[in-house]
Amino acid sequence: MFEEKRDEVLLLTREMLSACTNCGECLKPCSFLQKYGTPAAIAKRGMAENNLLSAFGCSLCGLCDAVCPEALSPSSMFIAMRREAITLRLVDLKLYSPWLNYEKTGGSFFFRRDFIPDGCKTVFFPGCSLPGSHPDAVLALFIKLRQLEPDAGLILDCCGKISHDLGLVDKFQNIFSKLMRRLKTAGIKRILTSCPGCSKILKKYSEGFEIVSIYELLGATSSISFPEASGKVVAIHDPCTARFDSVQQQAVRRLLASSGFTIQELPSSMRTTRCCGQGGMVEATVPGTVRRESEQIASGVAGKTLVTSCGACCDTLSEVTATIHLADILTGKIDFESKPVSSFRRWINRLKLRFVRLT
Ligand code: SF4
Ligand code: SF4
């Protein structure tokens, strides 16, 4: 997966130095780059400790990649810098223990579940956020899926994105390869995701599996309508993890429209959507990031309810503006006044899903 990891950062910084024109387009929407300078300026500072550590202030949201007229990928350089900083043991991982403990606990025996019926080739992999905050929606999506594919299975586990984004290459590889081995051994061919973050990781690193968003599948097959949705205008927040996934973005819009909603686009959407502030765990080193970024998104909502397909975005944005998860709409459990779920409650929800009877 990461055979070239030792050379990766050198290759990417050299490429940035030679190809970045310092045009400043990527600085306009990004407070991290406004503070540290253009990607070429950052690359020029090389492997200095402070420079490598500065990459932990980048949310890895990819907005710079989307706006760069030279088609460069500054975000790839920043994750390579993170990996190098980890390799050189420059990072105080205690700063990230809440995230790492969340990942470790979510992937432990107590919360992991493989429900793989005989003949199963397709599994639903809802990730970590949605089972914690919207367990009923996970079950309802799974029931809908089983109506389409009676042999479909359910996998509760973590994809390792936290370790991946922190640059913990070996840890990520360990988590991810165990998951892939299990699914391969069980004969699984297709993985359906509801979390755009899992989707991005699985599409990038899994080999031999078809990765499809469950919203694409449902959008192509079902027509849903809700009396209370009729004529209601909602704004869509596209998760930054799906900014280059136009198929997923269109599936979300199709599902909302077929549910009776009228859609309002935010000032920044699809390819140029903004991160909710959770990306890259920047909050650990730059406190206030989540509040600032989520309020920036909320400022464009103009009184509408936000809808998003990402559990983490939904949790974050609902702290600053009315936000609902797409899964709740699809499963008929719309609560326009819903409040964020406490951390304790999330674990209880995940445990319930772990042990709920499935046949
Ligand atoms: S990935 Fe996002 S936060 Fe990082 S530099 Fe690019 S735009 Fe800024
Ligand atoms: S947009 Fe591209 S070319 Fe312009 S400063 Fe950013 S990385 Fe360099």
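Refer to the structure printed above.
Predicted model only: the values in this text are computed from it and were never measured.

## Let's talk about the environment of Phe111
In step 1: Checked against the element boundaries, Phe111 lands in the loop between α7 (97-106) and β1 (113-115).
In step 2: Setting aside residues up to four positions removed in sequence, Phe111 forms contacts with Thr105, Gly106, Leu156, Trp347, Arg350, Leu351 and Arg354.

## Examining the environment of Leu130
In step 1: Considering the arrangement of structural elements, one finds Leu130 in helix α8 (residues 129-133).
In step 2: Here the alpha-carbon distance between Leu130 and Ala327, two residues 197 residues apart in the chain, equals 8.8 Å.
In step 3: For Leu130, the residues in contact, after removing those within four places along its chain, are Pro135, Val138, Leu141, Ser194, Tyr215, His325 and Ala327.

## Re the pairing of strand β7 (residues 262-265)
In step 1: Pairing of strand β6 (residues 233-237) with β7 involves 4 bridges; the strand directions are parallel. What sits directly across from Ile236, in β7, is Glu265.
In step 2: Taken together, β6, helix α14 (residues 246-258) and β7 constitute a β-α-β crossover, and its handedness is right-handed.

## A closer look at the sheet that holds strand β9 (residues 323-325)
In step 1: Ordered in space as β7-β6-β8-β9, the 4 strands form an open sheet in which the pairing is parallel. Only two strands of the sheet have a single partner each, and these edge strands are β7 and β9. Between one strand axis and the next, the sheet turns by 40° as a mean value, whatever way the strands run.
In step 2: Sheet topology note: the β6/strand β8 (residues 305-308) ladder contains 4 bridges and is parallel. Residue pairing for β8: Val234 is matched across the bridge by Thr305.

Basis of the calculations
Residues numbered from 1 in each chain as written. Chains lettered and ligands numbered in written order. Predicted model: local features only at pLDDT ≥ 70, side-chain atom pairs only at ≥ 80, totals over all residues. Heavy atoms only, no water. Helix = DSSP H or I, 4+ residues; strand = E, 2+ residues; numbered from the N terminus. Contact = heavy atoms within 4.5 Å. Pairing = 2+ DSSP bridges. Right-handed = clockwise from strand over helix to strand, strands pointing away. Axes fitted to C-alpha atoms, helices over the stretch in contact; angles between N-to-C directions.

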